[in-house]
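# Structural characterization, general
Below, each chain spelled out in residue letters.
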Amino acid sequence: MSRRFRDATLGLVLGLVLGSGAAAAASPEELARGELLFHIGGCTNCHTAKDGPLLAGGDPLVTPFGTFFAPNITPDPQTGIGGWSEADFLRAMRDGRSPRGEPYYPAFPYTSYAKMSEADLRALKAYLDTIPPVRRPNRPHELGFPYNIRWGLELWQWLFHDPAPFRPDPTKSEAWNRGAYLVLGPGHCAECHTPRTWYGALDQSRAFAGGRLGKEVIPNITRDPDKGIGRWTAGDLRGLLLIGIKPDGDFVGGDMAKVVRNGTAKLPDADREAIVEFLLSLPPR
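Here we summarise the structure given alongside this text. (Residues numbered from 1 in each chain as written. Predicted model: local features only at pLDDT ≥ 70, side-chain atom pairs only at ≥ 80, totals over all residues. Heavy atoms only, no water.)

### Some thoughts on the overall build of the chain
When its secondary structure is counted, the chain shows twelve helices and four strands. Every one of the 285 residues in the chain was classed for burial, and the buried ones make up 41%. Long-range contacts, defined here as pairs at least 24 residues apart, represent 59% of the contacts in the chain between residues at least 6 apart. Taken as a whole, the chain presents about 15700 Å² of accessible surface, with 59% of it coming from carbon and sulfur. For the chain, the distance from the average site of its 33 positive side-chain charges to the average site of its 32 negative ones is 4 Å. (Helix = DSSP H or I, 4+ residues; strand = E, 2+ residues; numbered from the N terminus. Buried < 20%, exposed > 50% of the residue type's maximum accessible area, 1.4 Å probe, protein only. Contact = heavy atoms within 4.5 Å. Areas by Shrake-Rupley, 256 points an atom, 1.4 Å probe, with all protein chains shown as cover. Lys, Arg positive; Asp, Glu negative; His and termini not counted. Charge placed at Lys NZ, Arg CZ, Asp CG, Glu CD.)

### Some words on the pattern of salt bridges
For the coordinates displayed, the defined rule picks out 16 salt bridges. In this structure, the salt-bridge partner of Arg139 is Glu142, at a minimum N-O distance of 3.8 Å. One salt bridge in this structure joins Arg196 and Glu191, with 2.7 Å as the shortest N-O distance. On the basis of relative accessibility, which here comes to 30%, the residue Arg196 falls in the partly exposed class. Overlapping salt bridges bring together Glu86, Arg94, Glu118 and Arg122 as one network. (Salt bridge = Lys/Arg side-chain N within 4 Å of Asp/Glu carboxyl O.)

### Some words on a nonpolar patch on the surface
Taken together, Leu155, Trp158, Leu159, Phe160, Trp198 and Tyr199 make up a surface patch of nonpolar side chains, about 800 Å² in accessible area. With respect to the helices, strands and loops of the structure, Leu155 is situated in helix H7 (residues 152-160). (Patch = residues over 30% accessible without salt bridge, like charges linked within 9 Å, V, L, I, M, F, W, Y side chains within 5 Å.)

### Observations concerning unusual backbone geometry
Each neighbour pair has its own omega, and for Phe145 with Pro146 the value is 5 degrees, a cis peptide bond. One can find Pro146 in the loop between helix H6 (118-128) and H7. Phi angles above zero are rare outside glycine, and His188 is one such case at about 40 degrees. With respect to the helices and strands, His188 occurs in the loop between helix H8 (174-184) and helix H9 (190-193).

### Considerations on the layout of surface pockets
Size it by volume and the second largest pocket reaches roughly 400 Å³. Lining the second largest pocket are 19 residues, and of these Thr111, Lys115, Phe160, Leu202 and Gln204 lie nearest its centre. If you list the elements that add at least two residues to the lining of the second largest pocket, you get helix H5 (110-113), H7 and H9. Taken together, the residues of the lining of the second largest pocket break down into ten nonpolar, five polar and four charged. (1 Å grid on protein atoms, 1.4 Å probe; cavity = no way out; pocket = protein on both sides within 12 Å on 5 of 7 lines; lining within 4 Å. Points joined across faces, edges and corners; volume = space filled by probe spheres on them. Nonpolar A, V, L, I, M, F, W, Y, C, P; charged D, E, K, R; others polar.)

### Some details on the nonpolar core
Core analysis: the largest hydrophobic core is formed by 41 residues, its most contacted members being Met116, Leu124, Leu128, Ile275 and Leu279. Looking at this core, the elements with two or more residues in it are helix H2 (28-40), helix H4 (86-95), H6, H8, helix H10 (234-243) and helix H12 (269-279). If you tally residues by element for this core, the top one is H8, at five residues. Each residue touching Leu124, except ones within four places of it in the same chain, is listed here: Gly34, Leu37, Phe38, Phe89, Met93 and Met116. (Core = buried A, V, L, I, M, F, W, Y, C linked by side-chain atoms within 4.5 Å.)

### Re the side chain of Ser112
Relative to the helices and strands, Ser112 resides in helix H5. When sequence neighbours within four positions are dropped, the list of residues in contact with Ser112 reads Leu184, Gly185, His188 and Glu191.

### Quick word on the environment of Gly34
Inspection of the secondary structure assignment puts Gly34 in helix H2. A residue is classified by how much of its surface remains accessible, and Gly34, at 0% relative accessible area, is buried. Sequence separation between Gly34 and Tyr127 is 93 residues, and the spatial gap between their C-alpha atoms is 5.2 Å. Residues contacting Gly34, with those up to four places away along its chain left out, are Ala123, Leu124 and Tyr127.

### Topic: the pairing of strand S1 (residues 60-63)
Looking at chain direction, S1 and strand S2 (residues 66-69) are connected through four bridges and run antiparallel. Each residue of the ladder has a partner; that of Thr63, found in S2, is Gly66. Between the end of S1 and the start of S2, which pair antiparallel, lie two residues. (Pairing = 2+ DSSP bridges.)

If you want it as structure tokens, here you go:
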């Protein structure tokens with residue numbers, strides 16, 4: 001090997017290494033956007049156990065299909081997602097697939113996260129990489145037959161999962177589209193506020209008409225005046241999203257309290273206003 005060839009090869013390798021490092025370094029603006037998405041995405045709510053380390057694994061999620069345990073998503077390379085590439089993360093969030101290609105159960109709301117833009121997904125991954133790593137093994141789900149047959153998820157995803165990103169409605173305002181994006185995508189509000197079919201898919205004919213999360217009844221948030229929030233004003237919704245107060249003066253509890261405390265309360269005012277505009281446009285059901 002000639003010295004010239006060796007030097008050129010070394011320069012190419014160094015260029016690739018340095019170039020990849022520079023590409024991986026997120027800007028302060030990207031990290032700030034990733035943090036906002038982290039909050040509205042509810043990552044803390046599911047992936048952090050009560051009194052446990054941040055994102056090192058969540059409390060049991062009891063459903064009619066079995067009990068799920070949200071995994072460790074800290075950057076720990078052995079028990080978390082520290083060994084994941086950006087492509088691995090995008091595949092999980094869009095396609096509901098692990099780095100090994102295994103399908104995830106839709107208790108992980110990738111059916112909503114898939115609507116996020118690629119730029120937002122990359123920003124979220126960059127922010128998650130800044131979280132302190134925690135070495136904590138994941139707990140296996142506790143599922144009975146037939147829900148413990150993972151290959152059945154291949155058929156489920158083929159039938160029910162649409163990985164297409166959110167597309168703005170040109171007939172609506174910019175604020176409405178921002179609200180729709182936050183609610184339908186990172187906020188994944190439909191995952192709790194929409195009932196599910198026997199197959200575990202969201203019943204879109206009753207979108208936002210209320211659902212269940214374990215023993216907790218999730219309310220109807222459509223404009224239905226009797227069953228939903230049809231009698232609420234924009235100010236009522238602002239108060240709920242900011243401090244969790246309802247029109248009757250009571251405060252939300254349970255999982256919604258976490259959604260407000262860890263999510264909507266931390267959003268910019270413009271984003272809360274956008275969510276209000278979108279929610280008040282939902283047809284009554």
